[in-house]
Amino acid sequence: MSKRVASGEWLVASGRWTAVFLFLLAFALMMGSALRKSATVDEQSHLFRGAAYLEAGATHFLLGHPLLGSAISALPLLTEPDLRLPLDDPAWEAGNWSLAGDAFLWRINENPQRLLFLGRLPVIWLTLLLGALLFRWGRELAGPYAGALALALFLLDPNVLANGRLITGDLPLTLFFTLTVYGLWRWDVGKAGGLALAGLGLGLAGATKFNAALLVPILGMIGLWLAWRRRGRPSAAVWRPVTAVIAIGLLGWLVIWAAYGFHLWRGFLPGGAFWDDLFWELRYFDKPHGAYLFGRYGTAGWWYYFPAAFFLKTPLLTLGLLMAALGRQVFLALRRRPSSAAPLFLLLPPLIYFAASMGSSLNI
């Protein structure tokens, strides 16, 4: 028995030390890149919009995304004693985030590269926090080595290292998206705080990017499936997962409303400027957009654009392990072996996300 205990302790310790090494390596790579790389096309707009909201409460710069991601990136800028906003620039009153952001970062404030680096820091930390969440979930599902493997595949992915230090909402959304599903899984397996985590994640995701709306069908389908799996029990127990999903939705909306200062849109609808951002985004989707793929140009997009991008950009090792894991699940299903609900939580979100992306003509 003592040998088994010692072996288990060694596995846990080795998994943790592997995680520490991966965190330090990814942090060093992203920090070095954040210090050296110049601004991308979207970063100044996100950074300015977040600073304008935190410093002046401005919500009229409609960028096609909710405010939270931009505000998180702009938080370190509040430590700058001489930070200035282009309040006298005509672009401020007009809500022109492009011109106002250009003035903010490059003309009226000194050392724009420092501001850019400060804005990248929160995204780096959120990327590492997402890695910690994946490590924890993997460890809870299949042990310390599974957690370390999930962490390695995530933190060493070139896409993550590249985007994990940019001032955008992509990595923050991925963190909050994953936290939502993880929270519902924790609730399903009887662990404390699951509903609160899921509701918090849903609200933070919804206040970061609008494609967080895909969590609504994801949570709904998981809730219905969990209810169906409980058939034969008393009615209250059967419908408990559906009630839990509704509670998550209500808590999530409360978080979104809080991110917008508990303001009302046109005096009656909770959410304030969230609705202005949403309607701007819907109008944006109605316009034709240029797209390029495999030597072809068009404005209608291609259903296979994002699947092609995924398979071309994902490391071969990750694709191979993914195919092996899917094959194992198919084998277990054919053999009708009992299994936990974990595969549903892991597979349904990316499947729905893929399906939605294949129906979009916005191929950017």
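A few points on the structure. Within any chain, residue numbers begin from 1 and follow the written order of that chain's sequence. Reporting in this predicted model follows two pLDDT cut-offs: at least 70 for local features of residues, and 80 or more for side-chain atom pairs to be given and counted; totals over whole chains, interfaces and linings ignore these cut-offs and use all residues. Only hydrogens and water are set aside; all other atoms, that is, all heavy atoms of the structure, feed into the side-chain values.

## Overview of the overall build of the protein chain
Then comes step 1: Numbering of helices and strands runs from the N terminus; a helix is a DSSP stretch of H or I covering at least four residues, while a strand is a stretch of E covering at least two. If you tally the helices and strands in the protein chain, you get 17 helices and four strands.
Then comes step 2: Atoms counted for the radius of gyration: C-alpha only. Globule rule: 2.2 Å times residue count to the power 0.38. Whereas a compact globule of 364 residues would reach a radius of gyration of roughly 21 Å, the protein chain reaches 22 Å, a difference of no more than 12%.
Then comes step 3: Each principal axis of the C-alpha atoms in the protein chain carries an extent, and together these give about 70 × 45 × 45 Å.
Then comes step 4: Each residue gets one of three labels from its accessible area relative to the maximum for its type: buried under 20%, exposed over 50%, partly exposed in between, using a 1.4 Å probe on protein chains only. Residues classed as buried in the protein chain amount to 45% of the 364 residues present.
Then comes step 5: Here a residue-residue contact requires only that any non-hydrogen atoms of the pair lie within 4.5 Å. A sequence separation of at least 24 residues applies to 69% of the contacts in the protein chain between residues at least 6 apart.

## Focus on the nonpolar core
Then comes step 1: To define a nonpolar core, start from buried Ala, Val, Leu, Ile, Met, Phe, Trp, Tyr and Cys residues and group those joined through side-chain atoms within 4.5 Å. One finds L47, L77, F104, L184, I222 and F345 to be the most contacted residues of the largest nonpolar core, which totals 86 residues.
Then comes step 2: Top element by residues in this core is helix α6 (residues 112–142). It accounts for 13 residues.

## Re the pattern of salt bridges
Then comes step 1: Think of a salt bridge as a Lys or Arg side-chain nitrogen and an Asp or Glu carboxyl oxygen that are within 4 Å of each other. On inspection of all chains with the given rule, the structure shows 10 salt bridges.
Then comes step 2: The closest approach of N and O atoms between E140 and R186, which form a salt bridge, is 3.5 Å. Of this pair, E140 sits in helix α6 while R186 sits in helix α9 (residues 170–188), and the two are 46 residues apart along the sequence.
Then comes step 3: Each member of the salt-bridge network shares a partner with another, and the members are R136, E140, R186 and K191.

## Some details on the environment of L133
Then comes step 1: You can see L133 is positioned in helix α6.
Then comes step 2: The spacing of L133 and L151 is 18 residues in sequence and 8.9 Å in space, taken between C-alpha atoms.
Then comes step 3: What L133 contacts, discounting residues up to four positions off in sequence, is L175, T178, L179 and Y182.

## So, a nonpolar patch on the surface
Then comes step 1: Among the surface-exposed residues, F21, L25, L29 and L156 lie close enough to one another that they form a single nonpolar patch of about 350 Å² accessible area.
Then comes step 2: Along the polypeptide, F21 turns up in helix α1 (residues 2–36). Each patch groups residues whose relative accessible area exceeds 30% and which form no salt bridge, using 9 Å between like charges and 5 Å between nonpolar side chains of Val, Leu, Ile, Met, Phe, Trp and Tyr. Where accessible areas are quoted, they stem from the Shrake-Rupley method and a 1.4 Å probe; at the residue level, only the protein chains shown are allowed to cover.

## Comments concerning α9
Then comes step 1: Taking 1.5 Å of rise per residue, 19 residues should cover 27 Å, and α9 covers 27 Å from first to last C-alpha, within 8% of that figure.
Then comes step 2: Of all 19 residues in α9, 17 are buried; the element is thus mostly enclosed. By this rule the span expected of a helix is its residue count minus one, scaled by 1.5 Å.

## Describing unusual backbone geometry
When glycine is set aside, most residues are seen to have a negative phi, and most peptide bonds are trans.
Then comes step 1: You will see that N111, though not glycine, has its phi angle at about 55°, which is positive.
Then comes step 2: Looking at the secondary structure, you find N111 in the loop between α5 (97–106) and α6.
Then comes step 3: Of note, the phi angle at F262 is positive, near 55°, even though the residue is not glycine.
Then comes step 4: With respect to the secondary-structure elements, F262 resides in the loop between α13 (240–259) and β1 (264–265).

## Overview of the packing of helix α11 (residues 215–229) against helix α17 (residues 342–358)
Then comes step 1: Angles shown run from 0 to 180 degrees and are taken between the N-to-C directions of axes, each axis being a line fitted to C-alpha atoms and, for helices, limited to the stretch in contact. One can describe the packing of α11 onto α17 by two numbers: an axis separation of 10 Å at closest approach and a directional angle of 145°. Here α11 and α17 pass one another in a crossing that is right-handed. Between α11, through P217, I218, M221, I222, W225 and L226, and α17, the contact on the second element is made entirely by L344, F345, L348, P349 and I352.
Then comes step 2: Residues are grouped as follows: nonpolar covers Ala, Val, Leu, Ile, Met, Phe, Trp, Tyr, Cys and Pro; charged covers Asp, Glu, Lys and Arg; every other residue, Gly included, is treated as polar. Tallied by class, the residues present in the contact of α11 with α17 amount to 11 nonpolar, no polar and no charged. In this scheme the crossing of two helices becomes right-handed for a clockwise turn of the near helix relative to the far one and left-handed for an anticlockwise turn of less than a right angle.

## Some points on the environment of L24
Then comes step 1: Locating L24 in the fold gives a position in helix α1.
Then comes step 2: On the basis of relative accessibility, which here comes to 56%, the residue L24 falls in the exposed class.
Then comes step 3: Placed 108 residues apart in sequence, L24 and A132 show a C-alpha to C-alpha distance of 12 Å.

## Here we look at the side chain of S33
Then comes step 1: In this fold, S33 is placed in helix α1.
Then comes step 2: Under the relative-accessibility criterion, S33 is labelled buried at 10%.
Then comes step 3: Within polar-contact distance, the side chain of S33 engages the side chain of R165 at 2.8 Å.
Then comes step 4: Those residues within four positions of S33 in sequence are excluded, and the remaining contacts are R120 and R165. N or O atoms closer than or at 3.5 Å make up a polar contact, with two conditions inside protein: a donor-capable atom paired with an acceptor-capable one, and, for residues adjacent in sequence, both atoms drawn from side chains.

## Topic: the packing of aromatic side chains
Then comes step 1: For Phe, Tyr and Trp, where Trp contributes only its six-membered ring, two rings pair if their centres lie within 6.5 Å, and the inter-plane angle classes them as stacked under 30 degrees, edge-to-face over 60, or tilted in between. One pass over the full model with this rule turns up 22 aromatic pairs.
Then comes step 2: Both rings, one in Y182 and one in W185, keep their centres 5.9 Å apart while their planes meet at 25°; by these two values the pair is stacked. Here Y182 and its partner W185 are both found in helix α9, three residues apart, which amounts to about one turn of the helix. In this structure, Y182 and W185 share a single accessibility class: buried.
Then comes step 3: Chaining the aromatic ring pairs together yields one cluster made of F210, W253, Y260, W265, F274, W275 and F279.
Then comes step 4: In this scheme, Lys NZ or Arg CZ marks a charge over a ring once it lies within 6 Å of the ring centre and within 35 degrees of the ring normal. Taking NZ or CZ as reference, R231 lies 3.7 Å from the ring centre of W228, over its face.

Limitation: the analysis is restricted to geometry and does not speak to function.
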